[in-house]
Amino acid sequence: MTRQSYHHGDLRSAVLEAALSQLETGSLEDLSLREVARNVGVSATAVYRHFPSKDDLLKALALHGLALLGEQQRKAAAKAGGAEAFAQTGRAYVRFALKHPNLFRLIFIHSPGHMKP
């Protein structure tokens, strides 16, 4: 067992979930790796092992958010079926944007097509 798994289990996922929670109540600018670490109950050093910078965490959150958006769109399309499926993917997109405005903004700031090399 690795030291990280001994202390926390899946720290990367826990950090992403804590950061998502922080985004629900605060702005992108206010997101802090140290606060995320406190909320997860680990040292900031442990978080930096998975996300060396805030930008690395933001990129991971953007990809995670994009996956969540895609999953909601797939579910909406599958539920509607047929010709209505496409319209439902659009509605799911808008619902996601309204429910998660900071995450939605982050997706398009840090999405793969917009990421700096």
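See the structure printed just above.
In this text, all values refer to a predicted model and were calculated from it rather than measured experimentally.

Asker: Even after reading the chapter, I still don't get the overall build of the chain, so can you show me in this structure?
Answerer: Looking only at helices and strands, one finds 7 helices and 0 strands in the chain. Going from the N terminus to the C terminus, the chain shows its helices and strands as α-α-α-α-α-α-α. Taken over 117 residues, the chain has a buried fraction of 38%. Of all intrachain contacts in the chain linking residues separated by at least 6 positions in sequence, the fraction that spans at least 24 positions is 59%. Within the structure as shown, the chain displays about 7,200 Å² of accessible surface, and the carbon and sulfur contribution to it stands at 57%.

Asker: How should the nonpolar core be read in this particular structure?
Answerer: Within soluble globular proteins, side chains that are nonpolar generally end up buried alongside one another. Among the nonpolar cores identified, the biggest contains 31 residues, and Val 15, Val 40, Phe 51, Leu 57, Leu 61 and Leu 106 are the most heavily contacted of them. Listed by contribution, the elements that provide at least two residues to this core are α2 (11-25), α3 (33-40), α4 (44-50), α5 (54-80), α6 (84-99) and α7 (101-109). Broken down by element, this core gets its largest block of residues, 8 residues, from α2.

Asker: Teacher, can you tell me more about the pattern of salt bridges here?
Answerer: When charged atoms on two side chains of opposite charge get close, those side chains can pair. Scanning the entire structure with this criterion turns up 3 salt bridges. Put simply, Glu 71 and Arg 74 hold a salt bridge, and the shortest N to O gap is 3.2 Å. Of this pair, Glu 71 and Arg 74 both sit in helix α5, 3 residues apart, roughly one helical turn. For Arg 91, the salt bridge identified is with Glu 84, shortest N-O distance 2.8 Å.

Asker: Whenever I open this one, α2 confuses me. Can you help?
Answerer: One full turn of an α-helix is made of 3.6 residues, so residues set three or four places apart face in the same direction. Taking 1.5 Å per residue as the helical rise, α2 with its 15 residues ought to reach 21 Å, and the 21 Å between its terminal C-alpha atoms agrees with that figure. Taken together, the buried positions of α2 are occupied by Leu 11, Ala 14, Val 15, Leu 16, Ala 18, Ala 19, Leu 20, Gln 22 and Leu 23. Of the surrounding elements, those touching the buried residues of α2 are α3, α4, α5 and α7.

Asker: What is the right way to look at the packing of aromatic side chains in this model?
Answerer: Aromatic rings in a pair are described by how distant their centres are and how their planes are angled relative to each other. Going through the model one piece at a time under the given rule, you end up with 3 aromatic pairs. Taken together, Tyr 93, Phe 104 and Phe 108 form an aromatic cluster joined through their ring pairs.

Thresholds applied
Residues numbered from 1 in each chain as written. Predicted model: local features only at pLDDT ≥ 70, side-chain atom pairs only at ≥ 80, totals over all residues. Heavy atoms only, no water. Helix = DSSP H or I, 4+ residues; strand = E, 2+ residues; numbered from the N terminus. Buried < 20%, exposed > 50% of the residue type's maximum accessible area, 1.4 Å probe, protein only. Contact = heavy atoms within 4.5 Å. Areas by Shrake-Rupley, 256 points an atom, 1.4 Å probe, with all protein chains shown as cover. Core = buried A, V, L, I, M, F, W, Y, C linked by side-chain atoms within 4.5 Å. Salt bridge = Lys/Arg side-chain N within 4 Å of Asp/Glu carboxyl O. Expected span 1.5 Å × (residues − 1). Phe/Tyr/Trp six-rings, centres within 6.5 Å; stacked < 30°, edge-to-face > 60°.

Any link to function would need more than the numbers given here.
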